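Structural features, examined
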Amino acid sequence: MAMEALKRETIFEEQPAEGKTGVRAVPRGEIAIRGLQKVYETKKSRFEALRNIDLNIGTNEFVTIVGPSGCGKSTLLRIVAGLDELTAGSVALGGEEVIGPGAERGMVFQGYTLFPWLTVRENIEYGPKLKGIPTLERRALSNHFLKVIKLEPFAGAYPKQLSGGMKQRVAIARALANRPKVLLMDEPFGALDAQTKLEMQEMLLEVWEKEKTTVLFITHDIDEAIFLSQRIVVMGAGPGRILKTFEVPLPDKRSPEVRELPEFLALKRELGQLLKH
Ligand SMILES: Nc1ncnc2c1ncn2[C@@H]1O[C@H](COP(=O)(O)OP(=O)(O)OP(=O)(O)O)[C@@H](O)[C@H]1O
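Quick caveat, the model's predicted, so the values are computed rather than measured.

Attention now moves to the overall build of the protein chain. Looking only at helices and strands, one finds 8 helices and 12 strands in the protein chain. Expressed as a percentage of the 277 residues in the protein chain, the buried residues total 36%. Taking the contacts inside the protein chain whose residues are at least 6 apart along the sequence as the reference set, 67% of them involve residues at least 24 apart.

Right, here's the structure in full:
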């Protein structure tokens, strides 16, 4: 059977609270998190940061995690990235267990993590260069991603010459240039001003549509979560766990006007209530 057909195969997930009608087809899991527990332990202390996390994220799905400070969002993302070890349970990517970092998972953090001594183009080509991709092919990749992030005129600029929003666009391009299956984003727009943040959200949706990556995104901003994602996972603290998952009832193609839709506002209210407790 063609790979494409295999990828599109679906599994069925039982949603226990909703009984039979809640059986929902989810694309075969790109990321499968099962019974995940994380305990931070020293000789003197033991802290359970995550308990019993079960989450399936489908191929090309855009999933956002929201939750109060300290509920373990970053810990969960770092474990999926392979940067942190889990205590119990498992995380698999495309059916393969995650045991460390890998190029198929691109990361973008809130802090600007570009190499200051490299130009925009060199930053974007950094990963492909490490992988031994030949110069011409690397150049084609950086040309493509400079266009995607609309920063072609800044190819030769250094990070210090860029605004915060521009730096984050380069960080996204740099992650994408490795051709990752999954983009892991930890509050990437958290430090940006309101207007730039809105522009970045629209750009990210365009990129997501074009590049067809799976995105796992963390934010504190409910509007951002609804605008961007297909599904929102709400976490609670003490210990960090999943409280509820919401499907976002909006079309995948989104314009800024969706923020005024009754469905958007109703979900915003519901999430606001849940996060208040
Ligand atoms: N290396 C560590 N050692 C001990 N405890 C840790 C460590 N890293 C995180 N924690 C604790 O685990 C909990 C979850 O932290 P984490 O950063 O994942 O939360 P978060 O939901 O991302 O928070 P925020 O929204 O503020 O970024 C916190 O209580 C934190 O203090």
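Back to the text.
The next subject is helix 3 (residues 120-130). Within the span of helix 3, buried status applies to Val120, Arg121, Asn123, Ile124, Glu125, Gly127 and Pro128. Tucked inside the fold, the buried residues of helix 3 contact helix 4 (135-148) and helix 5 (164-176). Trailing helix 3 by a residue or two, Gly132 shows a phi angle of about 85°, which is positive.

This brings us to the nonpolar core. Membership of the largest hydrophobic core comes to 65 residues, with the highest contact counts inside it found for Val80, Ala173, Leu184 and Leu216. When residues of this core are assigned to their parent elements, the largest contribution, 7 residues, is made by helix 5. Ignoring any residue separated from it by four or fewer positions in sequence, one finds Ala173 in contact with Ile124, Phe145, Leu146, Val148 and Ile149.

It is worth spelling out the sheet that holds strand 10 (residues 214-218) at this point. Hydrogen bonding along the main chain pairs the strands of a sheet, whether they run parallel or antiparallel. The sheet built from 6 strands is open, its strands ordered 8-9-10-5-11-12 with mixed pairing. Since the sheet does not close on itself, it has two edges, and those belong to strand 8 (105-109) and strand 12 (241-247), each with one partner. Going from strand to strand, the sheet's axes swing by 20° on average, the running direction of each strand aside. Strands in contact with helix 8 (residues 262-276) are strand 5 (62-66), strand 11 (231-236) and strand 12; relative to strand 11, the strand with the most contacts, it is inclined by about 15°.

Counting buried positions along strand 9 (residues 182-186) yields 5 of 5 residues, so the element is predominantly enclosed. Side chains of strand 9 alternate between two faces, with Val182, Leu184 and Asp186 and Leu183 and Met185 buried alike. As paired elements, strand 9 and strand 10 share 5 bridges and run parallel to each other. The residue bridging Asp186 from the neighbouring strand is Ile218, located in strand 10. As a crossover connection, the stretch from strand 9 through helix 6 (residues 194-211) into strand 10 is right-handed.

With 89% of its residues at a pLDDT of 70 or more, the protein chain shows a mean pLDDT of 87. Of all secondary-structure elements in the protein chain, the lowest mean pLDDT belongs to strand 1 (residues 10-13), at 35, while strand 5 reaches the highest, 97. For this predicted complex, the interface confidence score (ipTM) comes to 0.97, while the overall pTM stands at 0.86.

To continue, consider the pairing of strand 8. Of all 5 residues making up strand 8, 4 are buried, and the element is well covered by its neighbours. In terms of strand pairing, strand 8 meets strand 9 through 5 bridges, oriented parallel. Bridge assignment links Val108 to a residue of strand 9, and that residue is Met185.

As a further point, take the packing of helix 3 against helix 4. Their axes nearest at 9 Å, the elements helix 3 and helix 4 cross at an angle of 130°. By the angle class used here, helix 3 and helix 4 are oblique. Pair helix 3 / helix 4 crosses with right-handed handedness. Residues Arg121, Ile124, Glu125, Pro128 and Lys129 of helix 3 pack against Arg138, Leu141, Ser142, Phe145 and Leu146 of helix 4.

It is worth spelling out the environment of Gly58 at this point. Tracing the chain through its elements places Gly58 in strand 4 (residues 46-58). Judged by local crowding, Gly58 falls into the buried class, with 20 C-beta atoms found within 10 Å.

Following Gly238, the chain continues into Pro239 via a peptide bond in cis, with omega recorded as -10°. The residue Asn52 is not glycine, and still its phi comes out positive at about 50°. Structurally, Asn52 can be placed in strand 4.

With that out of the way, let us pick up the site of the ligand. Close to the ligand lie Tyr40, Phe47, Ala49, Gly67, Ser69, Gly70, Cys71, Gly72, Lys73, Ser74 and Thr75. Sorting the residues of the shell around the ligand by element identifies strand 4 and helix 2 (73-81) as the ones contributing at least two each.

Parameters at a glance
Residues numbered from 1 in each chain as written. Predicted model: local features only at pLDDT ≥ 70, side-chain atom pairs only at ≥ 80, totals over all residues. Helix = DSSP H or I, 4+ residues; strand = E, 2+ residues; numbered from the N terminus. Buried ≥ 20, exposed ≤ 12 C-beta atoms within 10 Å, placed from the backbone. Contact = placed C-beta atoms within 7 Å. Core = buried A, V, L, I, M, F, W, Y, C linked by C-beta atoms within 7 Å. Pairing = 2+ DSSP bridges. Axes fitted to C-alpha atoms, helices over the stretch in contact; angles between N-to-C directions. Right-handed = clockwise from strand over helix to strand, strands pointing away. pLDDT = per-residue confidence, 0-100. Parallel < 35°, antiparallel > 145°, perpendicular 65-115°, else oblique. Left-handed = near helix turned anticlockwise from the far one by under 90°. Near = placed C-beta within 6 Å.

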